Amino acid sequence: MFEIFFPDETVSSTYDIDFEGLYEEGYRGILFDIDNTLVEHGMDANERAVALFERLKRIGFECCLISNNKKQRVSSFNKRIGVHMIFNAHKPRRKGYMDAMVRMGTEKETTLFVGDQLFTDIWGAKRCGIRNILVKPINKREEIQIVIKRYLEKIILKEYRSRKGSKEGEQG
């Protein structure tokens, strides 16, 4: 029952992902959530995020920010990053993910998604057949509706860990 929410992989931080290895595996496009995946909620792109996207471009990746936030928030973050973006994505709906792949010129087999929430980010990617990586949220201080979802996520991640036979899926 919970399997539809299980991530394909978990990593402590977006900044710990082996992007060079993923490129060697054949991935060419990466979709990113913004808040608590790349920066703390509501923050603009910091030096760490800018450096990450410079690195990804050098490797050869197309990237797209996919967010449920409004245009102003996503545009503000993207000002220093300069990648494709989808705002008001209504994750976990498929449309935003599919539009992002069209913009990047990738297919689901060559696209990867990175995000911090099971019920929006990961479930949406899974619904589209896109490989996904769940990262731990950067900051534990979040809006109340996300805090409530985190309690439910803990239940699912506990089941995920028990099936994986490790604490690999532990989050927050």
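About the criteria used
- Residues numbered from 1 in each chain as written.
- Predicted model: local features only at pLDDT ≥ 70, side-chain atom pairs only at ≥ 80, totals over all residues.
- Heavy atoms only, no water.
- Pairing = 2+ DSSP bridges.
- Helix = DSSP H or I, 4+ residues; strand = E, 2+ residues; numbered from the N terminus.
- Axes fitted to C-alpha atoms, helices over the stretch in contact; angles between N-to-C directions.
- Contact = heavy atoms within 4.5 Å.
- Salt bridge = Lys/Arg side-chain N within 4 Å of Asp/Glu carboxyl O.
- Buried < 20%, exposed > 50% of the residue type's maximum accessible area, 1.4 Å probe, protein only.

(A) Spatial organisation of the sheet that holds strand β2 (residues 29-32). Taken together, the six strands give an open sheet; going across it, the order is β1-β6-β5-β2-β3-β4, and neighbouring strands pair in parallel fashion. Each having just a single partner strand, β1 (9-11) and β4 (84-86) make up the two edges of the open sheet. For this sheet, the mean angle separating the axes of adjacent strands, direction not counted, is 25 degrees. With four bridges joining them, β2 and strand β3 (residues 62-66) adopt parallel strand pairing. Across the sheet, Ile30 pairs through a bridge with Cys63, a residue of β3. Running at roughly 165 degrees to β4, helix α4 (residues 94-104) makes contact with β2, β3, β4 and β5 (111-115) of the sheet.

(B) Representation of the pattern of salt bridges in the model. Applying the stated criterion to the full structure yields nine salt bridges. The partner of Lys126 in a salt bridge is Asp8, with the nearest N and O atoms 3.6 Å apart. A residue pair is termed long-range when its members are at least 10 positions apart, and Lys126 in helix α5 (residues 118-128) and Asp8 in the segment before β1 qualify at 118 residues. A salt bridge links Arg73 to Asp35, with the shortest nitrogen-to-oxygen separation between them at 2.4 Å. Of the two residues, Arg73 sits in helix α3 (residues 71-78) while Asp35 sits in the loop between β2 and α2 (47-59), which places them 38 residues apart along the sequence. Here the two residues Arg73 and Asp35 agree in accessibility, since each one is buried. A network of salt bridges, in which partner residues are shared, links Glu9, Glu25 and Arg131.

(C) Region of the structure containing unusual backbone geometry. Note the cis peptide between Lys91 and Pro92, where omega equals 20 degrees. Along the chain, the position of Pro92 falls in the loop between β4 and α4. Positive phi values are uncommon outside glycine, yet Asn88 reaches one of about 45 degrees. One can find Asn88 in the loop between β4 and α4.

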